[in-house]
Amino acid sequence: MMLSAATAFGQSSQEGTGETDGYVLVWQDLFDGDELNELRWNIEVNGAGGGNNELQYYTDRATNVHVGDDGKGNGCLILTAHRESYGGKSFTSGRVNSKNLVAFKHGKIEAAIRMPKTANGLWPAFWMMGNDYDAVGWPKCGETDIVEMGHQNAFAAGNQEKYFNGAMHWGQGWPNASYARDTTKSYSLQDGEFHIFTAIWDENSMSMYIDLDQMPVQTPYFKMDIPCTEPDNEWSPGNYFHKENFILFNLAVGGNFPGIYNADEITALNDANGQEASMYVNYVKIYQKGTADESIYMAVPGDDSSGITDFADEADRMITISSGIACCRDAEMTIYNTAGQMVCTGFGRVDLSSLPSGIYIIYAMTPSGCRLSSKVIL
C-alpha cells in the first residue's frame, strides 16, 4: 500500500503500452521541454465555437496553452479553461493540432491524459482528422474521436467521472455519417491520475482501449470496421479513413456535447477551483509495424528517446540500401521483422540477401548517439 501510494502521487511513467504485437515506436512528444514545439503543434486561435456552439475562445496565451510541470514532476502539455470575458466569449481555453506537421496512416497511437473534473460543462478530447482537411474540409477529411468526456448523458446519470466515448464521423457533407459508442467505467477517470487512451488502426478497423498498459487483455471500448470494399460508395466509411491523419487535443467549454449553451450553467469552473481547470497530456506516441500500408510524415523528428529519429544534419549517415546491402556509416545496425523479432545485426554494413521476402525495419545507432531508422521491402 505504501509503494502504491508513492507511485500514485509521484512522477508518472512515460513508457506507455510499449512495443507490443509487432508495433515499433516511430514518433513521440514527451512534452518535457520548456515550451511547446511549434514545428510539431499548431496552437489554434479562434472563437468560432468548433462547429458545436462551444462557449470558449481558444487563445495562444500561456495561460491557456503551455508546456510545464503538472505539480508532480511530469512535463506536460497543459490546456487550461478560464471563466473570463474575451473576444465576445465568456471563457477561454486551449486547442492544439499537428496538421501538416505530424501525420500518419495506420498504426497505434496513444496519449496519457489527466482529465479535469468535467462536472457540468467541460469537454476534453483527444482526436484525429484527415490531413487533407484544408483541401476537402469536414466531414470529407474524416474524424476519429479517441476519447471525449463531459457528455450531457453523464450529467443526467451522475456519472461525469466515469462516462466517456469514442466516435467516428465522415461523409460528403452535413448531415454527416457517424458511429459512436459510450462506456461507463467502474472507476473514475478524473481521479487526478494519468490514464492511457490507445487507438489501434489498420486496413480493416479502428479499435480503442483505455489503460491498456495495466490491462493488456481487454475488449475495446470502441471498434468500427473500415474496409475499403465499396470504392464507388461515397458514403462508405472505408473511403475516408485510410489516409494520413493529424492529432488534436482540446478542452472545450459548453456546446452541443455537454448540451449547455448558457455560461451561468457551467458548474465545472467555480469559486472553489478559482474559475479554472486544466487538462494535462503527459505524452503522445505513434507506433507502426513497418507494413506497406503505413506511412508517417513529420516536419521534425520525435523526441530523441524514441530511437527512431532521422536528423537532417546527419545526412551523411542516413541508411542506404542497394542490391540487398544496407549501409550506415560508423553505425551499429539491427534489423527486425514486422513481428518485432530481431533477424540480424551488423556494423556499418549488413547483407540482407539471405532474408526471406517481406518487410523489415532497420535501426542504426551512430557513435554520436544519433538514432536512425528505415523501412525496407525485400
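Here, the structure is the one placed above.
Residues numbered from 1 in each chain as written. Predicted model: local features only at pLDDT ≥ 70, side-chain atom pairs only at ≥ 80, totals over all residues. Heavy atoms only, no water.

Asks: Any details on the pairing of strand 22 (residues 342-351)? Residues and values, ideally.
Replies: Of the strand pairs in this sheet, strand 21 (residues 325-337) and strand 22 are connected by eight bridges, and their pairing is antiparallel. Looking at the pairing, Cys327 lines up with Arg349 of strand 22. The hairpin formed by strand 21 and strand 22 contains four residues between the paired strands, and Gly340 there has a positive phi angle of roughly 85°. (Pairing = 2+ DSSP bridges. Helix = DSSP H or I, 4+ residues; strand = E, 2+ residues; numbered from the N terminus.)

Asks: Could you give an account of the environment of Tyr280, with specific residues and numbers?
Replies: Note that Tyr280 resides in strand 18 (residues 276-288). Separated by 20 residues in the primary sequence, Tyr280 and Val300 place their C-alpha atoms 23 Å from one another.

Asks: Go over the pairing of strand 23 (residues 359-365), please, and point to the residues and values.
Replies: With six of its seven residues buried, strand 23 lies for the most part within the structure. Note: strand 21 against strand 23, six bridges, orientation antiparallel. Bridging across to strand 23, Tyr336 finds its partner in Ile361. (Buried < 20%, exposed > 50% of the residue type's maximum accessible area, 1.4 Å probe, protein only.)

Asks: Residues and numbers for the state of the cysteines, please.
Replies: Throughout the structure, instances matching the rule amount to zero disulfides. Free of any disulfide, Cys228 has its nearest neighbouring cysteine sulfur in Cys141, separated by 16 Å. Cys344 forms no disulfide, and the closest cysteine sulfur to it belongs to Cys327, at a distance of 13 Å. The exposure class of Cys344 is buried, given its relative accessible area of 18%. (Disulfide = S-S within 2.5 Å.)

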